[in-house]
Amino acid sequence: MTVTTAHKGEHPVEALQVSRLALVIVRAGVLPAGAAEVVAEAGNRVLLVGSGTAEAAAELGAARAWHAETAGAAPAGLAAALAPLLQDVRMIVLPASPDGRDFAPRLAAALGRPLLAWATEAKVDDEGVSATLSRLDGRLDVDVRCDEACVVTLVPGARNPLPPSNGEVFEVVLDVPHGVDAERLAVLEPHPETMDLAEAERVVGGGAGLVRSDEDAVGTFALLRAVAARLGATTGATRVITDAGWMHHDRQIGTTGVSISPDLYIAFGVAGASQHTGGLGSPKHVVSVNTDPACPMTAMADLGLVTDARALLEELADRLGVQP
Ligand SMILES: Cc1cc2nc3c(=O)[nH]c(=O)nc-3n(C[C@H](O)[C@H](O)[C@H](O)COP(=O)(O)OP(=O)(O)OC[C@H]3O[C@@H](n4cnc5c(N)ncnc54)[C@H](O)[C@@H]3O)c2cc1C
C-alpha cells in the first residue's frame, strides 16, 4: 500500500480524472453498508471523506483510494468543497446508506447534475450513464439512460464486492467552507426501532409462524418491535409478512429485500427459505424459534427453540417488562 500526502495549495486530486468513482462517507473509521459494493461498481476507485478515513481506506483495500479527513464538516459545505474536484468524474457512486442518501442529492445539486437514486446497477460510457433503478419496494426495475454526468446511489447488497487489491492510497486536504449549513446541535444514536436494517448489529425477525390470525398480526408485530427495542435490536420480517402489509417493505430481509449482516439474528416463526437466508449475510449468532425442529432456519441456528413463537414472544415481553 502506498500512501501519498497532498498539501493545501497543490491540486490534491489531479489523479481524479477518472470516469467513475465511489464516494464513501466514513464515521470514526466505520464503513457504511454497501461501501465495498460501490467501490466495485466504480471500477475499484474510491474517495473516502469523514473521520477515520485512513483506517477505512486500508480496510476497503481498493486499487486506488483518496481520503480526506473532514470530521465535523456539514453536508452543504462538504458538497461545495468536493464539487470542483469531482466535476470531471462522469459517474459518482455512493452507497444508499443513511449518509449516502443524505449527501448524494446535495452533491448532485452542487455539481448541477441529475441524481439516479436507489440503483441496483450503473454503467458509464463516453456519452453518459445507464442504470437500473429499483422502484415500488423492489417490485419494479426501471432502466434509465442519462446523456450527461450523474450522481448515483447504489442499493446495499445489490452486487458482490471485489477481492481487496491494497493499492495506492492518497491523502487529500479539503478546504470545507463553514457557515453554509444549518447548525448541528448533536448527532444522536439511531433508535433500534427505526434504524436502518442493513446497519443493525442485532436483528429480531418475524415470519408467518408468529401470526395466529390476520386480526392479531398488527399487534403481534408491534410487540415484536417493542421486545426487539428492549434487546437493543431492530426488527425484520419475511416477505410473507411484508406482502401482507404487516411490516413495511424496508423491513424485509432477503434477496428481494434488505441484505443484513448482524452479530445476532433471532428468528420467530421463520422457515428459512433460501430467498430469506440469502439476505442474512454471515450473522455470528442465530437463534430460531420454530415448532418445526427440521426447518432450514433452525438447521442453520446456533440455538433452536422448538416452541410456539407467539407464546415465547409474550413470555419474553413479560420478563422484560414490555407492555403488549
Ligand atoms: C422471487 C422470490 C423472491 C423472494 N424474496 C424473498 C425475500 O426477499 N425475503 C423473504 O423472506 N422471502 C422471499 N421470498 C419468499 C420465500 O420463498 C418464502 O416464501 C418466505 O421467506 C417464507 O416466509 P415465512 O418463513 O414467514 O413463512 P412460511 O414459509 O409459511 O414459514 C412459516 C414458518 O413458521 C413455522 N411455524 C408455524 N407455526 C408456528 C408457531 N406457532 N410457532 C413457531 N413457528 C411456527 C413453520 O414451521 C415455518 O417454518 C421470495 C420468493 C420468491 C419466489
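Residues numbered from 1 in each chain as written. Predicted model: local features only at pLDDT ≥ 70, side-chain atom pairs only at ≥ 80, totals over all residues.

**Focus on the overall build of the protein**
When helices and strands are counted, the protein shows nine helices and 15 strands. The C-alpha radius of gyration computed for the protein amounts to 22 Å, which stays within 12% of the reference 20 Å derived for 324 residues, consistent with globular compactness. With the C-alpha coordinates of the protein rotated into their principal frame, the extents come out at 65 × 40 × 35 Å. For the protein, the proportion of its 324 residues judged to be buried stands at 46%. Expressed as a percentage of contacts within the protein between residues at least 6 apart in sequence, the contacts between residues at least 24 apart total 64%. (Helix = DSSP H or I, 4+ residues; strand = E, 2+ residues; numbered from the N terminus. Rg over C-alpha atoms; globule rule 2.2 N^0.38 Å. Buried ≥ 20, exposed ≤ 12 C-beta atoms within 10 Å, placed from the backbone. Contact = placed C-beta atoms within 7 Å.)

**Here's the deal with helix H3 (residues 75-86)**
For H3, with 12 residues, the first-to-last C-alpha span of 15 Å sits near the 16 Å given by 1.5 Å per residue. Those residues of H3 that sit buried are Pro75, Gly77, Leu78, Ala79, Ala81, Leu82 and Leu86. Looking at the buried positions of H3, the neighbouring elements they touch are strand E3 (45-50), strand E5 (91-95) and helix H4 (98-111). (Expected span 1.5 Å × (residues − 1).)

**Observations concerning the sheet that holds strand E14 (residues 285-289)**
If you trace the five strands from one edge of the open sheet to the other, you get E12-E11-E13-E14-E15, paired in parallel fashion. Bordering the open sheet on either side are strand E12 (234-237) and strand E15 (303-305), each of which pairs with just one other strand. Taken over all neighbouring pairs, the strand axes of this sheet differ in orientation by 20° on average, direction set aside. Inspection of the sheet shows strand E11 (residues 202-206) paired to E12 by four bridges, in the parallel sense. Paired with glycine 206 across the two strands is alanine 237, which belongs to E12. (Pairing = 2+ DSSP bridges. Axes fitted to C-alpha atoms, helices over the stretch in contact; angles between N-to-C directions.)

**Remarks on the domain arrangement of the protein**
Assigned domains within the protein: domain 1 (2-171) and domain 2 (197-320). Each of domain 1 and domain 2 has a C-alpha centre, and the two are 33 Å apart. The class makeup of the residues in the side of domain 1 that touches domain 2 is two nonpolar, three polar and one charged. (Domains from an automatic or database assignment. Nonpolar A, V, L, I, M, F, W, Y, C, P; charged D, E, K, R; others polar.)

**Here we look at the site of the ligand**
Not every one of the 26 residues close to the ligand is listed here, only the nearest: Gly207, Gly209, Arg239, Gly254 and Ala271. Among the elements of the structure, helix H6 (239-243) and helix H7 (274-277) are those that each provide at least two residues to the shell around the ligand. Classifying every residue of the shell around the ligand gives nine nonpolar, 14 polar and three charged. (Near = placed C-beta within 6 Å.)

**What to know about the nonpolar core**
Counting residues in hydrophobic clusters, the biggest one holds 59 residues, and the most contacted among them are Val46, Ile92 and Val152. Aside from chain neighbours lying at most four places away, what touches valine 152 is Met91, Ile92, Val93, Leu116, Ala119, Ala122, Val129 and Ala131. Counting 30 residues, the second-largest nonpolar core is a separate cluster that includes Leu197, Leu223, Ile260 and Tyr265. (Core = buried A, V, L, I, M, F, W, Y, C linked by C-beta atoms within 7 Å.)

**Here we look at helix H2 (residues 53-60)**
Counting along an α-helix, one turn takes 3.6 residues, and residues three or four places apart therefore face a common direction. Buried residues of H2: Thr53, Ala56, Ala57 and Leu60, and no others. All buried residues of H2 lie within an arc of 100° about the axis, which places them on one face of the element. Where H2 is buried, its residues touch strand E2 (20-26), helix H1 (35-41), E3, strand E4 (64-69) and strand E10 (168-171). Two residues or fewer past H2, glycine 61 is found with a positive phi of approximately 65°. (Arc of directions from axis to C-beta.)

**A look at the packing of helix H5 (residues 214-230) against helix H9 (residues 309-320)**
Where H5 meets H9, the axes come as close as 10 Å, and the angle between the chain directions of the two elements is 45°. Considering their axes alone, H5 and H9 lie oblique with respect to each other. Relative to H9, H5 is oriented so that their crossing is left-handed. Contacts between H5 and H9 pair Thr220, Leu223, Leu224, Ala226, Val227 and Arg230 from the former with Arg310, Leu313, Leu316, Ala317 and Leu320 from the latter. Here the contact of H5 with H9 is composed, by residue class, of eight nonpolar, one polar and two charged. (Parallel < 35°, antiparallel > 145°, perpendicular 65-115°, else oblique. Left-handed = near helix turned anticlockwise from the far one by under 90°.)

**Section: the pairing of E4**
E4 sits mainly inside the fold: five of its six residues count as buried. The pairing of E3 with E4 spans six bridges and is classified as parallel. If you follow leucine 48 over to E4, its bridge partner there is histidine 67. As a crossover connection, the stretch from E3 through H2 into E4 is right-handed. Across four bridges, the pairing between E4 and E10 is parallel. Looking at the pairing, arginine 64 lines up with glutamate 168 of E10. (Right-handed = clockwise from strand over helix to strand, strands pointing away.)

**Examining the pairing of E12**
Burial of the side chains of E12 extends over both faces: Thr234 and Gly236 are buried on one face and Thr235 and Ala237 on the other. Handedness of the crossover joining E11 and E12 through H5: right-handed.

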